[in-house]
Amino acid sequence: MKPALRRSSAMTAIELQLMERLKKLSPSRVAEVFDFVEFLASREERAAAAQRLTEGMARLDALNLPPVSEDEVEAEVQAARLARRAQQGA
């Protein structure tokens, strides 16, 4: 496993190397690199979101709350709709 990159002179050196290599690429290749970087960033964001969801579900599960019935869900939805309509009409 690679060590995490930190903001330091080493990172600056990597950034400079990347910039030099990018300058040598055609515009279409630079666009491909950009798309790939966007893909990697979105994959990291999804992984972080999945981790937060997993942790949230574990916390909810630890509460040992009784299950909610369909009628209770419907009542909550209707109450929220009524409250929103009242707020919009005010």
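Residues numbered from 1 in each chain as written. Predicted model: local features only at pLDDT ≥ 70, side-chain atom pairs only at ≥ 80, totals over all residues. Heavy atoms only, no water.

Undergrad: I keep staring at the overall build of the protein chain and nothing clicks. Help me out?
TA: The secondary structure content of the protein chain amounts to 3 helices and 0 strands. Put simply, the protein chain runs from its N terminus to its C terminus through helices and strands in the order α-α-α. Out of the 90 residues in the protein chain, the part that is buried amounts to 1%. Within the structure as shown, the protein chain displays about 8,700 Å² of accessible surface, and the carbon and sulfur contribution to it stands at 60%. (Helix = DSSP H or I, 4+ residues; strand = E, 2+ residues; numbered from the N terminus. Buried < 20%, exposed > 50% of the residue type's maximum accessible area, 1.4 Å probe, protein only. Areas by Shrake-Rupley, 256 points an atom, 1.4 Å probe, with all protein chains shown as cover.)

Undergrad: Looking at this structure, how should I read a nonpolar patch on the surface?
TA: On the surface, Leu53, Met57, Leu60, Leu63 and Leu65 cluster together into a nonpolar patch covering about 540 Å² of accessible area. Tracing the sequence through the fold places Leu53 in helix H2 (residues 27-62). We classify Leu53 as exposed; its relative accessible area is 56%. (Patch = residues over 30% accessible without salt bridge, like charges linked within 9 Å, V, L, I, M, F, W, Y side chains within 5 Å. Salt bridge = Lys/Arg side-chain N within 4 Å of Asp/Glu carboxyl O.)

Undergrad: Just checking my understanding: could you explain the pattern of salt bridges for this structure?
TA: When their charged atoms lie close together, side chains carrying opposite charge are able to pair. Summed over the entire model, instances satisfying the criterion amount to 2 salt bridges. Taking the shortest distance from any N to any O, the salt bridge between Glu20 and Lys23 comes out at 3.4 Å. With Glu20 and Lys23 both in helix H1 (residues 9-23), this residue pair falls 3 residues apart, about one helical turn. Residue class for Lys23 comes out exposed when judged on its relative accessible area of 60%.

Undergrad: Can you walk me through the confidence of the model for the protein chain in this structure?
TA: Caution is warranted with low-pLDDT regions, since their predicted coordinates should not be read in detail. Averaged over every residue, the pLDDT of the protein chain is 91; the share at 70 or more is 89%. Least confident of the elements in the protein chain is H1, whose mean pLDDT is 89; most confident is H2, at 97. (pLDDT = per-residue confidence, 0-100.)

Undergrad: Explain unusual backbone geometry to me, please; I cannot follow it from the model alone.
TA: Despite not being glycine, Asn64 shows a phi value in the positive range, around 50 degrees. Within the secondary structure layout, Asn64 lies in the loop between H2 and helix H3 (70-89).

Undergrad: Which parts of the structure should I look at to understand a negative patch on the surface?
TA: Together, Glu70, Asp71, Glu72, Glu74 and Glu76 make up a region of like negative charge exposed at the surface. Along the polypeptide, Glu74 turns up in helix H3. Overall, the relative accessible area of 41% leaves Glu74 in the partly exposed class. (Lys, Arg positive; Asp, Glu negative; His and termini not counted. Charge placed at Lys NZ, Arg CZ, Asp CG, Glu CD.)

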